[in-house]
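Remarks on the overall topology
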Amino acid sequence: MSSDRTDPARHAAVPSLPAHAYFEADAHERELRRVWRRHWICAGRAEEIAAAGEYLAVRIADRGILLLRDEQGGLRGYLDSCRHRGAALCPSERGRFPRAAIVCPYHAWTYDLQGRLLRTGARPPPEGFDRDAHGLRPLPVREWSGFLFVCLDPDPPPFAAGFDQPLERLDAWRLADCVSAHRSVLTIACNWKVFWENYNECLHCPGVHPGLSRLVPIYGRGLLEARDDPDSRPQTAGGEPGTGDGLRHGARSWTTTGELVGPEFPGLGAADRQAGQVYVTALPSLFVVGHADYARAVRMRPLGPETTELRVDYLFPREALAMPGFDPSPAVEFAERVLGEDAAICETNQRGLRAAPQARGVLMPEEYAVRAFHDWLRAEGAID
Ligand code: FES
Ligand SMILES: [Fe+2]
């Protein structure tokens, strides 16, 4: 939708999506096809596959994907399916292929890390068999700030298309050099769109997030950004897109105490340090929030029409983890509380949608970013 804040259309109430779009199998399949199998999807962190032969097996939109590090340090992605009779090749979610050979567990067809078929098990192939035509099916892959992306469409959209900010927006955090000090994985009983809608508004913040609303005063007023303040004068209503309005007086990070738990990122400018939180969103699978001393990355993927998995990483510079007494738990505890509150309210939303399948809710002007998300889904052909 228009980002022009003076656009009258932005200040109208508009219908939301029909409730059945949040649980019907046909609607879900269409979204998998139009969104999840066409866009760049974040599937892991670079540090998870650092050495040659290390792999991750991920399932996105009902497709098994194998991501691995080749001998040159390059990232490679393949459909996790043997070219003989289709068996999955990865024995676990994460591991290392010994001797740089991917050996199918079924009849031992063997591939190298470039995906080339080396051997058809114990028996030589018959005369005329084209080995070169039976390599693993490659997928487009890309690394950004230490995040691994893969696309199920061999002809992917421009990488930056899903991002709401320039790709360099978080460069000062040097996320490629950061490592996860803590990871949590949770499954929420809601449609993936419910989670993104909730992410895209702060009307719920005063009621759902009392602690966060104390830390971030603008959230306590139900506003996403300082620029949304109806009382702000034009000269103070600016602010960088994607940043909040700062933390409560004296607080420096998203932690239980408001104190830092690690050293401040040295490259941050004053505005980014004072913002309290800097968001970058990469639809449909990732958002990253930069704080003064850590960054939080939330990856998501639908496991079914009413089940969404979240993986949250707390990223710190490698040196911070090595510091004596380093303890990320005040950050983890604070953010997990907020996430738990969001997960619970998303499940409440999902339960209610089931009650009136044909009904549509209504979006208020303050929910302009939810509306923009719906416009994006429409533009993708994922919904009517
Ligand atoms: S299915 Fe892989 S070797 Fe037979
Ligand atoms: Fe929330």
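In short, a report on the structure. Only a predicted model underlies this, so the values are computations on that prediction, with no experimental measurement involved.

Conventions adopted
- Residues numbered from 1 in each chain as written.
- Chains lettered and ligands numbered in written order.
- Predicted model: local features only at pLDDT ≥ 70, side-chain atom pairs only at ≥ 80, totals over all residues.
- Heavy atoms only, no water.
- Salt bridge = Lys/Arg side-chain N within 4 Å of Asp/Glu carboxyl O.
- Disulfide = S-S within 2.5 Å.
- Buried < 20%, exposed > 50% of the residue type's maximum accessible area, 1.4 Å probe, protein only.
- Donors = N, O, S within 2.8 Å, 3.2 Å for Na, K, Ca; no water.
- Helix = DSSP H or I, 4+ residues; strand = E, 2+ residues; numbered from the N terminus.
- Pairing = 2+ DSSP bridges.
- Axes fitted to C-alpha atoms, helices over the stretch in contact; angles between N-to-C directions.
- Core = buried A, V, L, I, M, F, W, Y, C linked by side-chain atoms within 4.5 Å.
- Contact = heavy atoms within 4.5 Å.
- 1 Å grid on protein atoms, 1.4 Å probe; cavity = no way out; pocket = protein on both sides within 12 Å on 5 of 7 lines; lining within 4 Å.
- Points joined across faces, edges and corners; volume = space filled by probe spheres on them.
- Nonpolar A, V, L, I, M, F, W, Y, C, P; charged D, E, K, R; others polar.
- Phe/Tyr/Trp six-rings, centres within 6.5 Å; stacked < 30°, edge-to-face > 60°.
- Lys NZ or Arg CZ within 6 Å of the ring centre and 35° of its normal.

Two side chains bearing opposite charge may form a pair once their charged atoms approach each other closely. One pass over the full model with this rule turns up 21 salt bridges. With a closest N to O distance of 3.1 Å, Arg 45 and Glu 47 form a salt bridge. The network of salt bridges with common partners includes Glu 48, Arg 183, Arg 299 and Asp 313.

Using the criterion set out here, one finds one disulfide in the structure. Note on cysteine connectivity: Cys 202 is disulfide-linked to Cys 205, with sulfurs 2.0 Å apart. In this structure, the disulfide formed by Cys 202 and Cys 205 twists by about -95 degrees around the S-S bond and is classed as left-handed. Taking relative accessible area as the criterion, Cys 202 reaches 5% and is therefore assigned buried. For the unlinked cysteine Cys 42, the closest cysteine sulfur is that of Cys 151, found at 13 Å.

The next subject is the coordination of the iron ion (ligand 2). Within the protein, His 204 (NE2), His 209 (NE2) and Asp 342 (OD) serve as the donor atoms for the iron ion (ligand 2), at 2.0 to 2.1 Å. Ordering the donors of the iron ion (ligand 2) by residue number gives the pattern H-x4-H-x132-D. Taken together, the positions of His 204 in the loop between helix H2 (192-199) and helix H3 (205-208) and Asp 342 in helix H8 (residues 329-353) put the pair 138 residues apart, joining distant regions of the chain. A relative accessible area of 14% places His 204 in the buried class.

Sheets are built from strands that pair by backbone hydrogen bonding, the pairs being arranged parallel or antiparallel. Spatially, the three strands line up as an open sheet ordered E2-E12-E11, and their pairing is antiparallel. Every other strand in the sheet has two partners, leaving strand E2 (40-45) and strand E11 (141-144) as the edge strands with one partner each. Neighbour to neighbour, the strand axes of the sheet diverge by 30 degrees on average, direction disregarded. Here E11 pairs with strand E12 (residues 147-151) via four bridges, running antiparallel. Note that in E12 the partner of Glu 143 across the bridge is Leu 148.

So, on to the nonpolar core. In this structure, Trp 36, Ile 60, Leu 67, Phe 195, Tyr 219, Trp 254 and Leu 377 are the most contacted members of the largest nonpolar core, which totals 69 residues. Considering every element that reaches this core, the biggest residue donor is H8, with nine residues. Those residues within four positions of Ile 60 in sequence are excluded, and the remaining contacts are Trp 36, Ile 41, Ala 43, Ile 65, Val 150 and Leu 152. Counting residues in hydrophobic clusters, the runner-up holds 24 residues, among them Trp 40, Phe 163, Leu 170 and Val 278.

Bridge count for strand E4 (residues 63-69) against strand E5 (residues 75-79) is five bridges, and the pairing is antiparallel. In the sheet register, Leu 67 faces E5, and the bridge partner there is Gly 77. The hairpin formed by E4 and E5 contains five residues between the paired strands, and Gly 73 there has a positive phi angle of roughly 85 degrees. In this sheet, strand E10 (residues 138-139) lies alongside E5 in antiparallel orientation, the contact comprising two bridges.

Applying the stated criterion to the full structure yields one cavity of 30 Å³ or more. Its volume calculated, the largest cavity comes out at about 60 Å³. Considering the residues around the largest cavity, the lining is formed by His 39, Trp 40, Phe 149, Pro 157, Pro 158, Phe 159, Ala 161, Gly 162, Phe 163, Ala 282 and Leu 283. Here the residues of the lining of the largest cavity sort into nine nonpolar, two polar and no charged.

In space, the five strands of this open sheet follow the order E13-E17-E16-E15-E14, with antiparallel pairing throughout. The outermost strands of the open sheet, each flanked by one partner alone, are strand E13 (178-188) and strand E14 (278-282). For this sheet the average axis-to-axis angle between neighbouring strands, irrespective of direction, equals 15 degrees. Pairing of strand E16 (residues 295-304) with strand E17 (residues 307-317), which is carried by nine bridges, proceeds in the antiparallel orientation. Looking at E17, one finds that Gly 304 is bridged to Thr 307.

Another aspect to go through is the packing of aromatic side chains. Applying the stated criterion across every chain yields a total of 21 aromatic pairs. A centroid spacing of 5.1 Å and a plane angle of 80 degrees characterise the contact between Trp 196 and Tyr 199, whose relative ring orientation is edge-to-face. Remark: Tyr 199 and Trp 196 occur in helix H2; sequence separation between them is three residues, near one turn of the helix. In terms of burial, Trp 196 and Tyr 199 fall into one category: buried. Considering the side-chain rings of Tyr 219 and Trp 254, the 6.5 Å spacing of their centres and the 85 degrees angle between planes classify their relative orientation as edge-to-face. Here Trp 254 lies in the loop between helix H5 (217-220) and helix H6 (270-275) and Tyr 219 lies in helix H5, a separation of 35 residues in the sequence. Residue Tyr 219 shares its accessibility class with Trp 254, and that shared class is buried. Through pairs of rings, three or more aromatic residues link up here, namely Trp 40, Trp 144, Phe 147, Phe 149, Phe 159 and Phe 163. Against the face of Tyr 22 rests Lys 193, its NZ or CZ located 4.7 Å from the ring centre.

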